Amino acid sequence: MSEATATPGAAPINWKRHAEAYALVFALVVLFCVFGALKPVAFLSWANISTMLGSQSVLVFLTLALIIPLTAGDFDLSIAATLTLGAMMVAVLNAQMGVPLPVAMVCAIGAGAVIGMVNAWFVLYFRIHSLIVTLGTGTFINGIVLWISGSSTISGIDPVLVTYVVVTRVFGIPLVFYYALTLAIVLWYVFGYTSLGRRLLFVGRGREVARLSGIRVDRVRFFCFIASGMISATTGILYVGTIGAADPNSGNTFLLPAFAAAFLGATAINPGRFNAFGSLIAVYFLVIGITGLSMLGIQTYVQNLFYGGALVTAVALSQLVRKREAQDFS
Amino acid sequence: MSEAFRRRHRGDAPVLDVRHLSKRFGNQLVLDDVGLEVLPGEVHGLLGQNGSGKSTLIKILAGFHDPEPGAELVMYGEAARLPMPAGGARALGIAFVHQHLALIPSLTVVENLRLNDLATQNRVAINWRREAEKARATFARFDLAIDPRARIQDLPQVERALVAIVRAFEEVKDATAGGRGLLILDEPTPFLPKAGVEQLFLLVKSIAADGAGVIFVSHDIDEIREITDRATILRDGKLAGTVVSKDVDHDGFIELIVGRKVSLFQSAKPDLTARPVAARVASLSGPMVEDVGFAVHEGEIVGLTGLIGSGADRVPSLLYAAQRARAGTFSVGGTTLDLATILPEHAMAAGIAFLPADRLGAAGVGSLSITDNISLPVLSDFMGAFGLSWPRLTERARSLGRDYEVRPNRPELNLSALSGGNAQKVLLAKWLQTEPTLLMLDEPTQGVDVGARQTLFAALNGAASKGTAILVASTDAEQLAQICHRVLVFAGGRIVDILSGDAVTKDRITEACLKSTTLTALHPREEAA
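Residues numbered from 1 in each chain as written. Chains lettered and ligands numbered in written order. Predicted model: local features only at pLDDT ≥ 70, side-chain atom pairs only at ≥ 80, totals over all residues.

### Focus: the interface of chain B and chain A
Point 1. Taken together, the contact between chain B and chain A spans 24 residues of the former and 20 residues of the latter.
Point 2. At the level of secondary structure, the elements contributing two or more residues to the side of chain B that touches chain A comprise helix 12 (344–349), helix 13 (359–363) and strand 18 (387–388) of chain B.
Point 3. Per-class residue counts for the side of chain B that touches chain A are 15 nonpolar, six polar and three charged. (Contact = placed C-beta atoms within 7 Å. Helix = DSSP H or I, 4+ residues; strand = E, 2+ residues; numbered from the N terminus. Nonpolar A, V, L, I, M, F, W, Y, C, P; charged D, E, K, R; others polar.)

### Here we look at the sheet that holds strand 13 (residues 301–306) of chain B
Residue and element names in this part refer to chain B.
Point 1. Overall, mixed pairing links the six strands, which are arranged 16-19-20-13-21-22 in an open sheet. With one partner strand each, in any of the chains shown, strand 16 (352–355) and strand 22 (494–500) form the two edges of the open sheet. Averaged over all pairs of adjacent strands, the angle between strand axes in this sheet comes to 20°, irrespective of strand direction.
Point 2. Of the pairings in the sheet, the one linking strand 13 to strand 21 (residues 486–491) comprises five bridges and is parallel in character. If you follow Thr-305 over to strand 21, its bridge partner there is Val-489.
Point 3. Sheet strands in contact with helix 16 (residues 420–432) are strand 16 and strand 19 (438–442), and its direction is about 170° off that of strand 16. (Pairing = 2+ DSSP bridges. Axes fitted to C-alpha atoms, helices over the stretch in contact; angles between N-to-C directions.)

### A few points about the UniProt feature "domain: ABC transporter" (unreviewed entry) in chain B
Point 1. Feature annotation in UniProt places "domain: ABC transporter" (unreviewed entry) on residues 16–261 and 272–517 of chain B, given in this structure's numbering.
Point 2. Taken end to end, residues 272–517 of chain B is 34% helix and 27% strand, and its first and last C-alpha atoms sit 28 Å apart. (UniProt positions renumbered as here; feature names shortened; annotations may be inferred.)

### Considering the nonpolar core
Point 1. Membership of the largest hydrophobic core comes to 255 residues, with the highest contact counts inside it found for A:Val90 and B:Leu183.
Point 2. Ignoring sequence-local partners within four residues, the contact set of B:Leu183 consists of B:Ala95, B:Ala168, B:Phe169, B:Val172, B:Ile207, B:Ala212 and B:Val214. (Core = buried A, V, L, I, M, F, W, Y, C linked by C-beta atoms within 7 Å. Buried ≥ 20, exposed ≤ 12 C-beta atoms within 10 Å, placed from the backbone.)

### Observations concerning the environment of A:Val170
Residues and elements named next belong to chain A.
Point 1. With respect to the helices and strands, the residue Val-170 is situated in strand 1 (residues 169–170).
Point 2. Looking at Val-170, the number of C-beta atoms within 10 Å reads 9, which means it is exposed.
Point 3. Through-space distance from the C-alpha of Val-170 to that of Phe-254 is 26 Å; in sequence the pair is 84 residues apart.
Point 4. Residues contacting Val-170, with those up to four places away along its chain left out, are Leu-175 and Tyr-178.

### Regarding the sheet that holds strand 15 (residues 335–338) of chain B
Residue and element names in this part refer to chain B.
Point 1. The strand order across the open sheet built from four strands is 12-11-14-15, with neighbouring strands paired in antiparallel fashion. Across the chains shown, the open sheet's two edge strands, defined by having one partner strand only, are strand 12 (289–297) and strand 15. Between one strand and the next, the sheet's axes are offset by a mean angle of 10°, whatever the strand orientation.
Point 2. Sheet topology note: the strand 11 (residues 277–286)/strand 14 (residues 327–332) ladder contains five bridges and is antiparallel. Looking at strand 14, one finds that Ser-285 is bridged to Ala-327.

### Some words on the environment of B:Arg453
Point 1. Within the element layout of this structure, B:Arg453 appears in helix 17 (residues 450–465).
Point 2. In this structure B:Arg453 touches B:Thr445 and B:Val448, once residues within four positions along its chain are discounted.

### Looking at helix 19 (residues 506–515) of chain B
Residues and elements named next belong to chain B.
Point 1. Of all the 10 residues making up helix 19, seven are buried; the element is thus mostly covered by neighbouring parts of the structure.
Point 2. Inspection of helix 19 places Asp-507, Ile-509, Thr-510, Glu-511, Ala-512, Cys-513 and Leu-514 among the buried residues, and these make up the whole buried set.
Point 3. Here the buried face of helix 19 lies against helix 9 (221–227), helix 10 (250–258), strand 13, helix 18 (477–483), strand 21 and strand 22.

### Some words on the environment of B:Ser380
Residue and element names in this part refer to chain B.
Point 1. Take Ser-380: it is sitting in the loop between helix 14 (370–375) and strand 17 (383–384).
Point 2. What makes Ser-380 exposed here is the crowd of 8 C-beta atoms within 10 Å.
Point 3. Taking the C-alpha atoms as reference points, Ser-380 and Ala-135, separated by 245 residues in sequence, lie 61 Å from one another.

### Quick notes on the domain arrangement of chain B
Residues and elements named next belong to chain B.
Point 1. As far as domains go, chain B holds domain 1 (2–107 + 156–258), domain 2 (262–351 + 436–529) and domain 3 (366–434).
Point 2. Opposite the 11 residues of domain 2 that make contact, domain 3 presents 11 residues.
Point 3. Ranked by the residues each element gives to the side of domain 2 that touches domain 3, the list is headed by helix 17, at five residues.
Point 4. Looking at the side of domain 2 that touches domain 3, its residues break down into eight nonpolar, two polar and one charged. (Domains from an automatic or database assignment.)

### A few points about unusual backbone geometry
Point 1. At the junction of B:Leu82 and B:Pro83, the peptide bond is cis and its omega measures out at -5° in the coordinates.
Point 2. Put simply, B:Arg407 and B:Pro408 share a cis peptide bond, and its omega is -10°.
Point 3. Following the sequence through the fold, B:Pro408 ends up in the loop between helix 15 (390–403) and helix 16.
Point 4. The residue A:Ile269 is not glycine, and still its phi comes out positive at about 60°.
Point 5. Mapped onto the elements, A:Ile269 comes out in the loop between helix 14 (255–265) and helix 15 (276–295).
Point 6. Judged by local crowding, A:Ile269 falls into the buried class, with 21 C-beta atoms found within 10 Å.
Point 7. Of note in the backbone geometry, B:Asp33 takes a positive phi value of approximately 50° without being a glycine.
Point 8. Among the structural elements, B:Asp33 can be located in strand 2 (residues 28–38).

Okay, here's the thing in structure tokens:
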């Protein structure tokens, strides 16, 4: 009776699953076509498309940093503050103190690693929920940024950085986009094709199962925090390279978009899991929506409507995918 | 006998008189025309093996199960409705205290006492001082010195049980007119220290002295003889008898519980203790386990059993460091592990596998696929030039699914989509594919249907015949009899009896468990021989 299902290869293609996986890609294409039809000259220009791809690569980077601890079951709300700190450290060290750019960059990334360690220490040693710890450390880092910058924007950074981030273009697209694409490929590979990625997933989904399967749960979570801290700081360097200066506040506005993209991305490509290419698609879906709407002359508050709405909608959608089981992020 | 007893007790109508109670699950009759009578002021014991129908009977009284038509329920001489409507038990004055007590640890005693009222009534301006005074007065009536403002989690285990019992009794009193009511205590004692049990008995006796009836469910025959006036014994869903507890001795009770039937023929169990030792445990101590030592031989299946609270179920998780042991050493295949310091990955590296009882909490992840779950311990075998090879992983999951008769055999399904038995097959396959030196299982067949059980047993036998040593912790005597070469019986955290060869039968195991509380620990050295 169950002959058909028992034979490998005879299973029919699961159309529902495919539809679910590519629904966001489809929505992105539709949105692109709609704005293209409404504003063909401005929206479909290569300048606009390459700007969209390049300018939001920073958000892609930050979202990819975020999905690492999210996969392991921890929140990191300090990513945006770490980004700002990374940017400000490069600016202060290089522009104000004359430290060579490579050294300044290494210092910034090192600071990101330290932030990750501090987060991990409070979460793992004191057993505090990551949401609370990183909410606190994020605000704390923000204070440091305002202090070292004197609350002002710092420019005058070595132009080499800007050259290697946005000025140099390949196929008309700034280099920073390729950096983001590379990181996405690396994470896609690590999550899907290494045993490290498997361990990460089990730590996030079932701590006790992971522990009893011989995984050092605390060590995995520790390195996830460090990874997100270091990538966030790197994102800060790219952010300086994108705008040519470091300001103490604008980086913080990336926090909600990164969460929106991470959760929206978890409904695509590999539904139900935080995944690299889903995050990439989600970022550009949000960017196309916001760029298009602002070209139609809609006020800037649309950004908040779009990002905030997308976060809640994305989480609601992913709950439907999971058949509304209670979420457990602990 | 019963008449003489009846005269000793005041009050004309029994608190509870239930007759012709039957219950069928599928084509199996789990309760067959059972009756039970509890008199005012009586503590009535209810005994029977696992699967004898005790818990079904209690669940019918609670309204969880509907009995077959024809059952009658009379309380204080008035006929009551069966099946029990929702909330009916409470309105009739029947209250339950289960082993897990249903208290909220982070709230205070008085908050827990008022939990039900607060949940069902809308009150404003609760006067906590007055509530606390009321609680204090209630405790004083039973000679209990419990601070109503203390948090439950700060109380010793005994006082928690006492609070739960007092709460249940007060609810009964509120629901019925003075002194009436029936309190059902479902195995309240296994986790209490000796002194605590006596305190609990005093409370139960003073509640009964108020005129209420108490049903006391227990496996412990000594406790039943000490606290109860009469006892009803169920065997295989039928009434084995109702006796006056003082008139029957310990062995008499065991005979009533186990019966005098000849055990079904089982193939002779070979003695494998001459084979090389696969794993040796020495002086293991930890929560509920005291100075336990034993050896498991290659290809041998050893059962660990005992009454609830005996500590047998803790042994595998202590050996695997799922729970931290206080002391002990564990030698497996040339490696000696210090149980006070090891981590699960050390146990794994020594060739030990552990399948915990909590299937979707500790053994596998329900929200991940069968392939994900099954492949976790063997990922390194599937590394290709380009990282993990998913086609090979899926193929492995599919072929294991075929071998272990997983239905449906679709590796892409989430583990939570499978029935309990099929999920257990997947999890057993997950560990057996690693070909461990020693496999440990805790209650491997809980919630597993009969058919799937046979598949699991066949898989365990297959692994044993290839030389894997297996430890099974279980309270299911029938299952242990079916698969084990030897059974170690625990009581009070120590090994008190060892059954081997022809003695490994369902009845002998049950009997040994029931007798276990009166036995003293075997010295570890005797066993090691």
